[in-house]
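Architecture at a glance
Below, each chain spelled out in residue letters.
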Amino acid sequence: MCQAQEEYGGCDPLRGRPRVSCAQKCMKCKEASPVLVIRVGDAFCKACFREYFVHKFRAMLGKNRAIYPGEKVLLALSGGPASSSMLRQVQEGLRRETAKKLRFIPGIIYVDEGAVCGQSLAEREETLLQMQTILQASGFPYHLAHLEEVCDLPSSILQRAPHNPTGPKNSYKGAVEGFIRQQRQEEEGGGPSLPERQIQEKLAKVSLRDAPGMEGLVAPEARLLAAVRTEQLIRLFGSVKTLTAKEELLQTLRNHLILHTARAQGYSKVMMGDSCTRLAVKLLTNLSLGRGASLAMDTGFSDDRHGDVVVVRPMREYSAKEIAFYNHLFGVPTVFTPALGTKAMEKASIHGVIERFLYGLQAEFPSTVSTVYRTGEKLSATPGDAGPATEPERCLLCLCALDTNVEDGSALQAILVSEQLSQQKLPAASPAGRGCCPGAEEQRGCCMNTTAPGPAWRASRSTSARRQSAGNAGPR
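Residues numbered from 1 in each chain as written. Predicted model: local features only at pLDDT ≥ 70, side-chain atom pairs only at ≥ 80, totals over all residues. Heavy atoms only, no water.

Section: the pairing of strand E5 (residues 142–146)
Here is the rule we go by: Remark: exposure states derive from per-residue accessible area (1.4 Å probe, protein chains only) relative to the maximum for the residue type, with buried under 20%, exposed over 50%, and partly exposed in between. Helix and strand definitions here come from DSSP, where helices need a minimum of 4 consecutive H or I residues and strands a minimum of 2 consecutive E residues; each element is numbered from the N-terminal end. Paired strands, as defined in this entry, are two strands with at least two bridges between them according to DSSP. Handedness is read with the strands pointing away from the viewer; a crossover is right-handed when the path from the first strand over the helix to the second is clockwise.
For E5, a buried count of five out of five residues is recorded, marking the element as mostly surrounded by other parts of the structure. Judged by which residues are buried, E5 turns out to be covered on both faces: Tyr142, Leu144 and His146 on one side and His143 and Ala145 on the other are all buried. Relative to E5, strand E4 (residues 105–112) runs parallel, the two being bridged by five bridges. Note on E5: the bridge partner recorded for Tyr110 is Leu144. Between E4 and its parallel partner E5, the chain crosses via helix H3 (residues 121–138), and the hand of that crossover is right-handed.

Quick look at the structure:
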């Protein structure tokens, strides 16, 4: 316990944050003056920071070996800082003068969520024009989708599809060696390689036909149908009571729409722009929502729950601070779109509470986000006792394996036991005037007698106590 005279060495003043002095140099080149500090002591100049940022993206893709040469990859672009930075990395990786080029065929999808986020029709059109300018400047084939299109999705979107048999059957190393060998043969012949020609052909097919729903907005029938879909979507979100449930529903519908577009257009991979900070918030949020069994797939680099389409997260090593500095220094265009939680109260949803809690800790302890993120990296998507041939039952909405195995000592078992105890019926009441204990009609100690003693009983007790005290005080 703490002692009154114990000395603790006094209260030291709070240490101030380290500042970059004019004499400090870049930690990598040791020559140029730094322009930013990522972590304590990690000061970078502009050129070294760009090299560091690009190398981390290439290293993430090369380390996991998830994307083969010639594969079609769909980039999910929301207009935010992380996804816009991801698009810039792919653009630079596909340039001809790049040393280690990316060899996949990219495409972009943007989902308009303004109908449920409180945007008017004029604001939605303005946002679409800004996004269309960015998509056309990228040079990649793009797809503009509206959230109202989920009303027409097929029921197959709720089923796990078998793995695509047309994908690469050999190992990653063999695929890369074959690609390099073929590229050298094409260079000796004087023409571009076959995968490179495929990339050039795909990038040349940028037109409004890749934007479903945009070409028919002029027709009155299309506008009426869009209005009906919008009304159905607004009623759906209006029936959801809490903001937490609305955000979960929006995320599920967005993922279904992206998955359907990837399957319809022949994409085998989907790139998400989830940063390290966002994944740390998602990890704690899913724990709070009871989705701990699916943490490995929701926060890991690769997510193969859908079977034929694999979701990858190449931005998961970047913090929000690094992404913000990169976009500011190198002019990456972004588009702000309001979310469901915009202008909401401080504790309106679990997502907002967890985000503010984590950001508050990060401001005082800069290693908070990285610690939570590294903890999530140790999670495994496959249970240790699951056999390779067993196919688990899956959730209808998120397609994650159901964690319904009742084991001794598990949280599910405790919930089931509590539910059983709460549903047990109480014993029948005894007849009036009788207690539940035999021979206890005249006693006050029956367990049914839970009422407090009345005034008459208290008066009799006080009179008997006075008589007993008077008898004890008399002559002996």
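Now that the structure has been shown, we can carry on.
Overview of the packing of aromatic side chains
Inclusion rule: Pairing of aromatic rings covers Phe, Tyr and Trp, the last counted by its six-membered ring, and requires centre-to-centre distances within 6.5 Å; plane angles under 30 degrees mean stacked, over 60 mean edge-to-face, and any other angle means tilted.
One pass over the full model with this rule turns up eight aromatic pairs. Their ring planes at 55° and their centres at 6.5 Å tell us that Phe49 and Tyr326 sit as a pair that is tilted. Taken together, the positions of Phe49 in helix H1 (residues 46–64) and Tyr326 in helix H10 (residues 320–329) put the pair 277 residues apart, joining distant regions of the chain. This pair shows no difference in class: Phe49 is buried, exactly as Tyr326 is.

Let's talk about H10
Under the convention used in this document: The directions considered for the arc run from the helix axis to the C-beta atoms. By definition, residues are in contact when any of their heavy atoms lie within 4.5 Å.
Of all the residues in H10, the buried ones are Glu322, Ile323, Tyr326 and Asn327. For H10, the angular spread of the buried residues around the axis is 125°, confining them to a single face. Check the buried side of H10 and you find it contacts H1 and helix H2 (81–93). Just downstream of H10 lies Gly331, where phi reads positive at about 65°.

Some remarks on the sheet that holds E4
On the basis of which strands lie adjacent, the open sheet formed by six strands has the order E5-E4-E3-E6-E8-E7 and mixed pairing. Bordering the open sheet on either side are E5 and strand E7 (302–303), each of which pairs with just one other strand. Direction of pairing for strand E3 (residues 72–76) relative to strand E6 (residues 269–271): parallel, over a ladder of three bridges. Considered in E6, the bridge of Val73 is made with Lys269.

So, the nonpolar core
Applied cut-off: Buried Ala, Val, Leu, Ile, Met, Phe, Trp, Tyr and Cys residues form a nonpolar core when they are joined through side-chain atoms within 4.5 Å.
Of all hydrophobic cores here, the largest spans 44 residues; its most connected members are Phe49, Phe57, Val90 and Met271. Secondary structure elements with two or more residues in this core: H1, E3, H2, E4, H3, E5, strand E8 (310–312) and H10. Tallying contributions element by element places H1 first for this core, with seven residues. Excluding anything up to four places from it in sequence, Met271 contacts Leu61, Ile67, Val73, Leu74, Leu75, Ala76, Met86, Val90, Phe104, Val312 and Pro314.

Regarding the pattern of salt bridges
Filter applied, for reference: Take a side-chain nitrogen of Lys or Arg and a carboxyl oxygen of Asp or Glu: if they are within 4 Å of each other, that pair is a salt bridge.
By the definition in use, this model includes 19 salt bridges. With its nearest N and O atoms 3.3 Å apart, the salt bridge here joins Lys56 to Glu322. On the criterion of sequence distance, the pair formed by Lys56 in helix H1 and Glu322 in helix H10 is long-range, its members being 266 residues apart. What makes Lys56 buried here is its relative accessible area of 17%. The partner of Asp308 in a salt bridge is Arg263, and the shortest N-O contact between them spans 3.2 Å. Remark: Arg263 occurs in helix H7 (residues 243–265) and Asp308 occurs in the loop between E7 and E8; sequence separation between them is 45 residues. Each of the salt bridges in this network shares a partner with another, and the network as a whole consists of Asp274, Lys282, Arg291, Asp298, Asp303, Arg305 and Arg313.

Digging into the state of the cysteines
Put simply, the rule reads: Disulfides are defined as pairs of cysteine sulfur atoms found within 2.5 Å of each other.
Using the criterion set out here, one finds zero disulfides in the structure. Among the cysteines around Cys48, which has no disulfide bond, Cys45 carries the closest sulfur, lying 3.4 Å off.

Quick look at the packing of H1 against H10
Keep this limit in mind: Between N-to-C directions, angles span 0 to 180 degrees; the directions come from axes that are lines fitted to C-alpha atoms, helices contributing only their stretch in contact. An angle counts as roughly parallel when it lies under 35 degrees, as roughly antiparallel when it exceeds 145, as roughly perpendicular when it falls between 65 and 115, and as oblique in every other case. If you view the pair so one helix is near and one far, a crossing is left-handed when the near helix is turned anticlockwise from the far one by less than a right angle, and right-handed when it is turned clockwise.
The N-to-C vectors of H1 and H10 enclose an angle of 125°; their axes lie 11 Å apart at closest approach. As summarised for this structure, H1 and H10 are arranged oblique, according to the angle between their axes. In this structure, the crossing between H1 and H10 has a hand that is left-handed. Between H1, through Lys46, Phe49, Arg50, Tyr52, Phe53 and Lys56, and H10, the contact on the second element is made entirely by Glu322, Ile323, Phe325, Tyr326 and Leu329.

Examining the side chain of Ser349
Relative to the helices and strands, Ser349 resides in the loop between H10 and helix H11 (350–364). Judged by its relative accessible area of 7%, Ser349 is buried.

What about unusual backbone geometry?
A positive phi angle, near 55°, is found at Arg65, a position not held by glycine. Relative to the helices and strands, Arg65 resides in the loop between H1 and E3. Phi at Leu399 is positive, roughly 60°, even though this residue is not glycine. Assignment of secondary structure puts Leu399 in the loop between helix H12 (368–377) and helix H13 (411–422). Residue classification places Leu399 among the buried residues on the basis of a relative accessible area of 3%.

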